[in-house]
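# Observations on the three-dimensional arrangement
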Amino acid sequence: MNGRATDLVVVGAGPAGAAAAMQAAALGVRTVLLEDEAAAGGQVYRAPATTRDMARSPERRQGDALRAALAGSSVQVEHGQKVWSVSGQYRVDVLGPQGPGHWQAPALIVATGALERVVPFPGWTLPGVVGLAAATILLKAHGMAPGERTLVAGAGPLLAAVAVGIVKAGGKVAAVVDLATPGEWAACLPAMAGRPDLLARGAGWLARLRLAGVPILTGHALAAVAATPDGLRATVQPVDSLGRPIPGGAATSFEVDAVAVGHGLIPSTDVTRLLRVEHWFDPASVTWRPALDAGFRTTRAGVYVAGDGGGVLGVAAAGLQGRLAGLAVALDLGRLSQVQHDARAEKLRRKLARAARFGAAMARMMAPRPGQFAAIPADAIVCRCEDVTRAEIEEAAAEGACEVNQLKAWTRCGMGPCQGRVCGDTAAALLAQFHASDRETTGLFTGRTPLRPLPLDQLTGEYGYADITLPPPAPL
Amino acid sequence: MPQRVDFSFDGVPLTGWAGDNLAAALMQAGTRRLRDSPRAGQARGAFCLMGSCQECIVWVDGARREACRTTLHAGMAIRSGTIADVAV
C-alpha cells in the first residue's frame, strides 16, 4: 500500500474544508485535501455535471470562484477519494481511482459537512421519495427535478429553495408543505436581518411560488406516501406547533410522481465518532456535535472540525470556520506565532459571530419537533437498510434496550450499510421518548470502520491463496 | 460535447448522457426501482444522492457500487442491487 506523509490532511472539499486547506497552505503548511466527488464545492457549491449547460445561480458563481481559488493554491487536492478509516496519529486510509492508499499527518481537519434528517412516515422508502438535499443535487448538478410533479415537504429554508428550483427547471410542484407557521418564520426575522441579501432572496422565492400558483400549506406535515398505478399519492395533515397531528384535522391528498422531503440537517460525525472525541447534544438544533474550542480543536490533539460537521450553521459560517481552523493548525504546528494568529483570527471571529446568528436561526427552523417522532406509526420502517420498524424498536426498548448500541445489537437497527446515518437520530429519539429519558442517555452509534462500504477486492488488489505465507505449524 | 449513449438496467435498453451521475441518469431514464431491500423485499431507489444512505447500490461490472457515486459510460450493463438468496 502506498502511504505518504504531509503536515495536514483535510477531509472534505466543501466550503469549510477548501477554506481551511487554503488558509493553512498559504501559511506554509503542506496540505492534502481529500474529496470523494470529482469537483470541490460540497453540496451548496456543488459543481454542475460536465454534460449540462446550467443557469448561473449565486451558488454556482461562488462555487466556481472557490474551485478557481483552490486550483491556484498550493493545496494538493485529491479527488475521487473515499476515506474509509482514520487511525493512529493520524493515518487516513483512502480508496481512490488508483486503488487503496493512505496519508499520514500530525494534523487532521474533518470537514465532512452535514447529512439530511428525514423523520420516517409510511411510504418514505418508496422509489420516487427523495431527500430535499438530494433534490438540490439533482437541480444543481443536472438541472432536473425529481419528477414531473413533485410534492415538497418538511421544514426549513430548503423547502422554498427546492420548490423554486423545480419550477425553474420546468417541473411542477404539487404543493409546499411546511411544518412551520408564518408566525414562526416571522420570529426569525431579527436573526435574519443581518443577512438582507438572503432575506430578499427568500422573499423572491415566495413571490415566484405564488406566481407559479404553487399552494403553500403551513403548519402541515406529510402523513404518508402510497404507491398508485400511476405514481405516488402523498397525504398531508395539519399539525400543531409540536408537530403533532391535530385531531380531526382535514387530510389532503396529492397525486404526484415524486416527493422531496427533509427535516433539517445533522452534523456528519462519522470520523469524529470513530476517533472517540467528545460530543455533546445540542437541544436547540436537536443534534449531536463534537466539542470544539475557539480554534475548532476537538478533545483529541491534532484533530479539528470545521463547517457543518461541528454544528449546522450554514455555508457562510463554514468558510469562516475553515479559515479559523486553518489558522489554528498553523499556530499548533509552529508556522504562526500566537500574536500573528490572534491578529488574523479576531476579525474572522467577529464575522463568524454574525454568520452564525443567521445559521443558528435556520437550524432552529429545521429542528425536529417531538410530535414528529411520536406520530411515526408502529409499522413504519425506521431503519431502511435492515427494514426495522418502530414496533420492533419499542419491543426491544420494552425488553430493556435504553441506548442505541444495545438496540443495534438486539434489532440490527443501524447495522446495515448506511451504518445508522439515516436511522440513528430517529432511533435515539424513539428510545428517549419510550423511556422518558434524554438523548444523552440514548447516546450515539459507536463509529466503526469502514466509514463507507467498499469492495474488498479493490482493497486487496490481485491476491490469491498462494500469496498467503503460512508459518510452520507449532510443534506438538 | 455531451454525448447520448446506450446503457442498460437489468437488460432493459436505456439512453443517457455520458459523464452523468448514474443515479440521475437512471432517474431521468424513468428507472427508479434500483433494488429490493434484503429483509422485507421492498422496492428501493436513490434517496440521499450523496453517498450516505446506500439505497442506490447497483451491480456495475460485477461490483456493488453507489449509483450516485458512479459516472455513466457507454455500454454500461447495470443490474439491480437486490441481493438474491440471502437467508433471513
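Residues numbered from 1 in each chain as written. Chains lettered and ligands numbered in written order. Predicted model: local features only at pLDDT ≥ 70, side-chain atom pairs only at ≥ 80, totals over all residues. Heavy atoms only, no water.

### What to know about helix α13 (residues 404-411) of chain A
All names here are of chain A. Test applied: For each residue, the accessible area found with a 1.4 Å probe, counting protein chains only, is set against the maximum for its type, and the residue is called buried under 20%, exposed over 50%, and partly exposed in between. Each helix is a run of H or I in the DSSP string that is no shorter than four residues. Each strand is a run of E no shorter than two, and both are numbered from the N terminus. Note: the arc covers the axis-to-C-beta directions of the helix. A contact between two residues is defined here by any heavy atoms of the two lying within 4.5 Å.
All of the buried residues along α13 are V404, L407, K408 and T411. Buried residues of α13, viewed axially, fall in a sector of 105°; they line one side. Among the structural elements, β23 (388-389), α12 (390-398), α14 (424-435) and α15 (439-442) are those in contact with the buried residues of α13. A positive backbone phi angle near 75° is found at R412, which sits one or two residues after α13.

### Quick notes on empty space enclosed by the protein
Worth spelling out the cut-off: Space inside and on the surface of the protein is sampled on a 1 Å grid over the protein atoms alone, with a cavity defined as a set of points where a 1.4 Å probe fits but cannot get out and a pocket as an open set with protein on both sides within 12 Å along at least 5 of 7 lines; lining residues have an atom within 4 Å of a point. Grid points are joined across faces, edges and corners, and a volume is the space filled by probe spheres set on the points. Lys, Arg, Asp and Glu make up the charged group, whereas Ala, Val, Leu, Ile, Met, Phe, Trp, Tyr, Cys and Pro make up the nonpolar group; the residues left over, Gly among them, are polar.
Counted by the stated rule, this structure contains 6 cavities of 30 Å³ or more. Considered as a void within the structure, the largest cavity measures approximately 250 Å³ in volume. Forming the walls of the largest cavity are 20 residues, and the residues nearest its centre are A:I266, A:T269, A:G424, A:D425 and A:L444. Secondary structure elements with two or more residues in the lining of the largest cavity: β18 (265-267), α8 (270-274), β20 (287-290) and α14 of chain A. For the lining of the largest cavity, the element with the most residues is α14(A), which contributes 3 residues. Per-class residue counts for the lining of the largest cavity are 8 nonpolar, 7 polar and 5 charged. Empty space within the second largest cavity amounts to approximately 120 Å³. Around the second largest cavity sit 13 residues that line it, and A:E116, A:V422, B:F47, B:C48 and B:S52 are the ones nearest its centre. Of all elements in the fold, only β9 (114-116) and α3 (132-142) of chain A reach the threshold of two or more residues within the lining of the second largest cavity. Considered class by class, the residues forming the lining of the second largest cavity number 9 nonpolar, 2 polar and 2 charged.

### Focus: a positive patch on the surface
This is how it is decided: Residues enter a patch when their relative accessible area is above 30% and they make no salt bridge; the linking distance is 9 Å between like charges and 5 Å between nonpolar side chains (Val, Leu, Ile, Met, Phe, Trp, Tyr). Residue burial considers only the protein chains on display, and all accessible areas are found by Shrake-Rupley using a 1.4 Å probe. Only one rule defines a salt bridge in this text: a Lys or Arg side-chain nitrogen within 4 Å of an Asp or Glu carboxyl oxygen. His residues and chain termini do not enter the charge count, which takes Lys and Arg as positive and Asp and Glu as negative. The location of each charge is read from NZ of Lys, CZ of Arg, CG of Asp or CD of Glu.
Together, A:R323, A:K347, A:K351 and A:R354 give the surface a local cluster of positive charge. With respect to the helices, strands and loops of the structure, A:R323 is situated in helix α9 (residues 315-332).

### Remarks on the interface of chain A and chain B
Just so we agree on the cut-off: Definition of a polar contact: a pair of N or O atoms within 3.5 Å, with one able to donate and the other able to accept a hydrogen when the atoms are protein atoms, and with sequence-neighbouring residues admitted only if both atoms are side-chain atoms.
Taken together, the contact pairs 44 residues of chain A with 34 residues of chain B. One salt bridge connects B:R44 with A:D387, and the closest N-O pair in it is separated by 2.5 Å. Summed over the shared surface of chain A and chain B, the number is 18 residue pairs in polar contact (both at pLDDT 80 or more). Elements that contribute at least two residues to the side of chain A that touches chain B include exactly β9, β10 (129-131) and α3 of chain A. When residues of the side of chain A that touches chain B are assigned to their parent elements, the largest contribution, 5 residues, is made by α3(A). Looking at the side of chain A that touches chain B, its residues break down into 24 nonpolar, 8 polar and 12 charged.

### Digging into the environment of A:W84
Residue and element names in this part refer to chain A. Here W84 is to be found in strand β5 (residues 82-87). We classify W84 as buried; its relative accessible area is 16%. Residues W84 and L95, spaced 11 residues apart in sequence, show a C-alpha to C-alpha distance of 7.3 Å. Non-local contacts of W84, meaning those with residues more than four positions away in its chain, are made with D93, V94, L95, T449, P450, L451, L454 and L459.

### Examining the environment of B:R32
Within the secondary structure layout, B:R32 lies in the loop between α1 (22-28) and β3 (35-36). For B:R32, a relative accessible area of 23% puts it in the partly exposed group. Between the C-alpha atoms of B:R32 and B:R65, which are 33 residues apart in sequence, the distance is 16 Å. If sequence neighbours within four positions are ignored, B:R32 has contacts with A:P127, A:G128, A:P146, A:G147, A:D257, A:A258, B:R44, B:G45 and B:A46. Engagement of the side chain of B:R32 in a polar contact is seen with the backbone oxygen of A:P146, the distance being 2.8 Å.

### Brief notes about the side chain of A:D178
Residue and element names in this part refer to chain A. In this fold, D178 is placed in strand β12 (residues 172-178). Although D178 lies buried, it forms no salt bridge, and the closest oppositely charged side chain, R369, sits 6.0 Å away as judged by the N-O distance. Residue contacts for D178: discarding those within four places in its chain leaves G154, A155, L159, W185, L217, T218, G219 and H220.

### With respect to the packing of helix α4 (residues 158-168) of chain A against helix α7 (residues 196-211) of chain A
Residue and element names in this part refer to chain A. The condition that has to hold: Fitted lines through C-alpha atoms serve as axes, helices being fitted only where they are in contact, and the angles separating the N-to-C directions of these axes extend from 0 to 180 degrees. Relative orientations are named as follows: roughly parallel for angles under 35 degrees, roughly antiparallel for angles over 145 degrees, roughly perpendicular for angles from 65 to 115 degrees, and oblique for any other angle. Helix crossings are classified by the rotation of the near helix relative to the far one: an anticlockwise turn of less than a right angle makes the crossing left-handed, while a clockwise turn makes it right-handed.
In contact at an axis separation of 9 Å, α4 and α7 are set at 50° when each is read in the N-to-C sense. It follows from the interaxial angle that α4 and α7 lie oblique. Along this stretch, α4 crosses α7, giving a crossing that reads as left-handed. Contacts between α4 and α7 pair A160, A161, A163, V164, V167 and K168 from the former with W205, R208 and L209 from the latter. Within the contact of α4 with α7, the residues separate by chemical class into 7 nonpolar, no polar and 2 charged.

### Quick look at α3(A)
Within α3(A), 10 of the 11 residues are buried, which leaves it mostly tucked inside the rest of the structure. Turning to α3(A), its buried residues are A:L132, A:A133, A:A134, A:A135, A:T136, A:I137, A:L138, A:L139, A:A141 and A:H142.

### Quick word on the pairing of strand β14 (residues 220-227) of chain A
Residues and elements named next belong to chain A. The test is simple: In this description, strands pair whenever DSSP reports at least two bridges between them.
Note: β14 against strand β15 (residues 232-238), 7 bridges, orientation antiparallel. Bridged to A224 within β15 is T235. With antiparallel pairing between neighbouring strands as the criterion, β14 and β15 make up a hairpin whose turn holds 4 residues.

### Topic: the sheet that holds strand β4 (residues 76-78) of chain A
All names here are of chain A. Spatial strand order, β4-β3-β2-β8-β21: 5 strands in an open sheet with parallel pairing. Sheet topology places β4 and β21 (303-305) at the edges, where each strand pairs with a single neighbour. On average, adjacent strands in this sheet sit at an angle of 20° to one another, irrespective of strand direction. Both strand β2 (residues 8-11) and strand β8 (residues 107-110) contribute to a ladder of 4 bridges, which runs parallel.

### Here's the deal with the sheet that holds β14(A)
All names here are of chain A. Strands sit in the order β14-β15-β16 across an open sheet of 3 strands; the sheet is antiparallel. The open sheet has two edge strands, β14 and β16 (252-256), and neither has a second partner. Averaged over all pairs of adjacent strands, the angle between strand axes in this sheet comes to 25°, irrespective of strand direction. In terms of strand pairing, β15 meets β16 through 5 bridges, oriented antiparallel. Within β16, the position partnered with A234 by the bridge is F254.

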